[in-house]
Amino acid sequence: MSSTVSNTPVPPHGRSSLHAVQVLGAGSSGSGVHVRSLSAGLVARGLRVTVCGPWSAEQGYGFSQTGARFTGLDALTDAGSMASLRRATQGAALVHAHGLRSGLLAAVALRGRNVPLIVTWHTRVDAEGARARLVRLMERRVARAAAIVLGASSDLVVRARVRGARDARLAPVAVPAPRRPPETADGRRQKARAELGVVERPLLVTAGRLEAMAGHGPLLDAARRWRALDPRPLLVVAGEGPDRAVLQRRIDTEGLPVRLLGRREDVPQLLSAADVAVLSSRWEARSLLAQEALHAGVPLVATAVGGVPELVGEAAELVPYGDPEALADAVTGLLADPVRRVELAAAGRARTAGWPTEDDTVAHVLSVYDELVQTFLREGVDGPGR
């Protein structure tokens, strides 16, 4: 996986010795891609970067290929992971954690040290009952421990402030724009469609973890309505997760035109072959699927949740979450209206031109780092956990 960050300015005096530690959990694909991109950009600008996380993340994203050092946090206990993180952060100028659990781990590991902690909230944790109370406590602990909380969407910034963050800000979180297939590669597109068995029928594509947050229940309800269409569209779902068996049983029992593809590394290619992309999530900040769809010029139908509306603007058809009829009707309407699909494709590509680039993201994060380090040096404030 390569990064498009290419600017390599001469680092300001003293920045070349700045050591920034990135802490990543199992997390979502979006946060992994972001940390990979961020690490490449920071190294290119003269920082020493260490990425701490599970070895599976290193295998999936290749952080060490960016010039960063990687430290695995695969101890059998949280105490073991914390000890590894304390060693990795020895002498660091700052620690930047990504996600709630990573933020909590970093906050505890930095206890007693004068090291500033930044935490980026890429997503939120939905829970009920006793677990919901535990999540609130974790969010409060992380928000108050961090010198700055960066939120990937406006509602995450508000959430951090409610939980007691001293400084919460909206931050650009860009991911590498997927390479568009050449315009002459129609044969490649048709080959991909033929492999999926959709030469003469519409192809709908969605991607994400197979879990409740992704809204696959309402999506399958919508697919039940598509059975009446002629030709009947095929919905392909790229991703794995704990709900796979339940979803497959529904697909088989109800005869739904849906295929679970499992984990795929070629989602941009799948999207390039699609007629419509579908995002049915209960909540998203900056959906990776939505970004990839608009970059590829694929018409998108998405739930109007979290940061999705501010991400896509009018470049997608937005529907309420949990309304399978609205979802089904929006997709059916697009399949019947090629002019509208062309309009949305053009609007999507235009929308992506205004999104922050990887360079924008790195520059913003670097300015936050400089601000925070200088504040700690100038004022001698106590670090998180004191």
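Residues numbered from 1 in each chain as written. Predicted model: local features only at pLDDT ≥ 70, side-chain atom pairs only at ≥ 80, totals over all residues. Heavy atoms only, no water.

- As recorded in an unreviewed UniProt entry, the protein chain goes by the name D-inositol 3-phosphate glycosyltransferase, listed as coming from Streptomyces iranensis.

## A few points about the nonpolar core
The nonpolar side chains of a soluble globular protein tend to be buried, and buried together.
Moving on, step 1. If you look at the biggest cluster of nonpolar residues, it comprises 37 residues, and the most contacted ones within it are Val23, Leu85, Val95, Leu117, Val119, Trp121 and Val149.
Moving on, step 2. Among the elements of the structure, β1 (19-24), α3 (78-88), β4 (94-98), α4 (100-109), β5 (117-121), α5 (129-145) and α6 (154-162) are those that each provide at least two residues to this core.
Moving on, step 3. Looking at which domains feed residues into this core, each of domain 1 (19-174 + 357-376) and domain 2 (185-354) gives three or more.
Moving on, step 4. In this view, Trp121 contacts Glu139, Val142, Ala143, Val149, Leu150, Gly151, Ala152, Leu156, Arg159, Ala160 and Arg163; residues no more than four positions away in its chain are not counted. (Core = buried A, V, L, I, M, F, W, Y, C linked by side-chain atoms within 4.5 Å. Buried < 20%, exposed > 50% of the residue type's maximum accessible area, 1.4 Å probe, protein only. Helix = DSSP H or I, 4+ residues; strand = E, 2+ residues; numbered from the N terminus. Domains from an automatic or database assignment. Contact = heavy atoms within 4.5 Å.)

## As for the sheet that holds strand β6 (residues 148-151)
Strand pairing in a sheet relies on backbone hydrogen bonds, with the paired strands running either antiparallel or parallel.
Moving on, step 1. The seven strands lie next to each other as β3-β2-β1-β4-β5-β6-β7, forming an open sheet whose pairing is parallel. The outermost strands of the open sheet, each flanked by one partner alone, are β3 (69-72) and β7 (168-170). Averaged over neighbouring strand pairs, the angle between their axes works out to 20 degrees when direction is ignored.
Moving on, step 2. Along the sheet face, α5 touches β5 and β6 and points at about 135 degrees away from the line of β5. (Pairing = 2+ DSSP bridges. Axes fitted to C-alpha atoms, helices over the stretch in contact; angles between N-to-C directions.)

## Here's the deal with the packing of aromatic side chains
Moving on, step 1. As enumerated under the stated definition, the model contains three aromatic pairs in all.
Moving on, step 2. Judged by centre distance (6.1 Å) and plane angle (10 degrees), the ring pair of Phe63 and Phe70 falls under stacked. Phe70 matches Phe63 in its accessibility class, with the two residues each being buried.
Moving on, step 3. Put simply, the rings of Trp55, Tyr61, Phe63 and Phe70 touch in pairs and so form one group of aromatic residues. (Phe/Tyr/Trp six-rings, centres within 6.5 Å; stacked < 30°, edge-to-face > 60°.)

## Focus: a positive patch on the surface
Moving on, step 1. On the surface, Arg133, Arg136, Arg140 and Arg144 cluster together into a patch of positive charge.
Moving on, step 2. Structurally, the position occupied by Arg136 is in helix α5. (Patch = residues over 30% accessible without salt bridge, like charges linked within 9 Å, V, L, I, M, F, W, Y side chains within 5 Å. Areas by Shrake-Rupley, 256 points an atom, 1.4 Å probe, with all protein chains shown as cover. Salt bridge = Lys/Arg side-chain N within 4 Å of Asp/Glu carboxyl O. Lys, Arg positive; Asp, Glu negative; His and termini not counted. Charge placed at Lys NZ, Arg CZ, Asp CG, Glu CD.)

## Comments concerning the side chain of His98
Moving on, step 1. Positionally, His98 belongs in strand β4.
Moving on, step 2. Of note is the side chain of His98, whose polar atom sits 3.1 Å from the side chain of His122.
Moving on, step 3. The contact partners of His98, leaving out residues within four places of it in the chain, are Gln22, Val23, Leu24, Gly25, His34, Val35, Leu38, Thr120 and His122. (Polar contact = N/O pair within 3.5 Å; in protein donor to acceptor, adjacent residues only side chain to side chain.)

## Topic: the side chain of His216
Moving on, step 1. Note on placement: His216 falls in helix α8 (residues 216-226).
Moving on, step 2. Every residue in contact with His216, bar those within four places of it in the chain, is listed here: Arg209, Leu210, Glu211, Val237, Leu247 and Ser280.

## Concerning unusual backbone geometry
Moving on, step 1. Following Asp230, the chain continues to Pro231 via a peptide bond in cis, the omega torsion being 0 degrees.
Moving on, step 2. The topology assignment puts Pro231 in the loop between α8 and β9 (234-238).

## As for the pattern of salt bridges
Moving on, step 1. All chains considered together, the criterion is met by 18 salt bridges.
Moving on, step 2. Put simply, Asp221, Arg224, Arg250 and Glu254 are held in one network by salt bridges that share partners.

## Observations regarding helix α13 (residues 324-335)
Moving on, step 1. Taking 1.5 Å as the rise per residue, α13 with twelve residues should run 16 Å; its terminal C-alpha atoms sit 16 Å apart, in good agreement.
Moving on, step 2. Burial in α13 covers these residues: Leu327, Ala328, Ala330, Val331 and Leu334. Taken end-on, α13 shows its buried residues confined to a sector of 160 degrees, consistent with a single buried face.
Moving on, step 3. Buried-residue contacts for α13 involve β8 (203-207), α8, β11 (276-279), β12 (300-303), β13 (317-319) and α14 (338-353). (Expected span 1.5 Å × (residues − 1). Arc of directions from axis to C-beta.)

## Focus on the sheet that holds β11
Moving on, step 1. The strand order β10-β9-β8-β11-β12-β13 describes an open sheet built from six strands, whose pairing is parallel. Only two strands of the sheet have a single neighbouring strand rather than two, namely β10 (258-262) and β13. Going across the sheet, the axis of each strand differs from the next one's by a mean of 20 degrees, ignoring polarity.
Moving on, step 2. Where β9 and β10 come together, four bridges link them in parallel fashion. Paired with Val236 across the strands is Arg259, a residue of β10.

## Examining the environment of Ala147
Moving on, step 1. With respect to the element layout, Ala147 can be found in the loop between α5 and β6.
Moving on, step 2. The spatial distance from the C-alpha of Ala147 to the C-alpha of Leu117 is 5.6 Å, given a sequence separation of 30 residues.
Moving on, step 3. In this view, Ala147 contacts Leu117, Arg166, Asp167, Leu372 and Phe376; residues no more than four positions away in its chain are not counted.

## Focus on the confidence of the model for the protein chain
Moving on, step 1. Averaged over the protein chain, the pLDDT score is 89; the fraction of residues at 70 or greater is 89%.
Moving on, step 2. Counted against residues more than four places away or in other chains, residues 1-14, with its pLDDT under 50, gives 26 contacts.
Moving on, step 3. Counting contacts from residues 381-386, a segment whose pLDDT is below 50, to residues more than four positions away or on other chains yields 21 contacts. (pLDDT = per-residue confidence, 0-100.)

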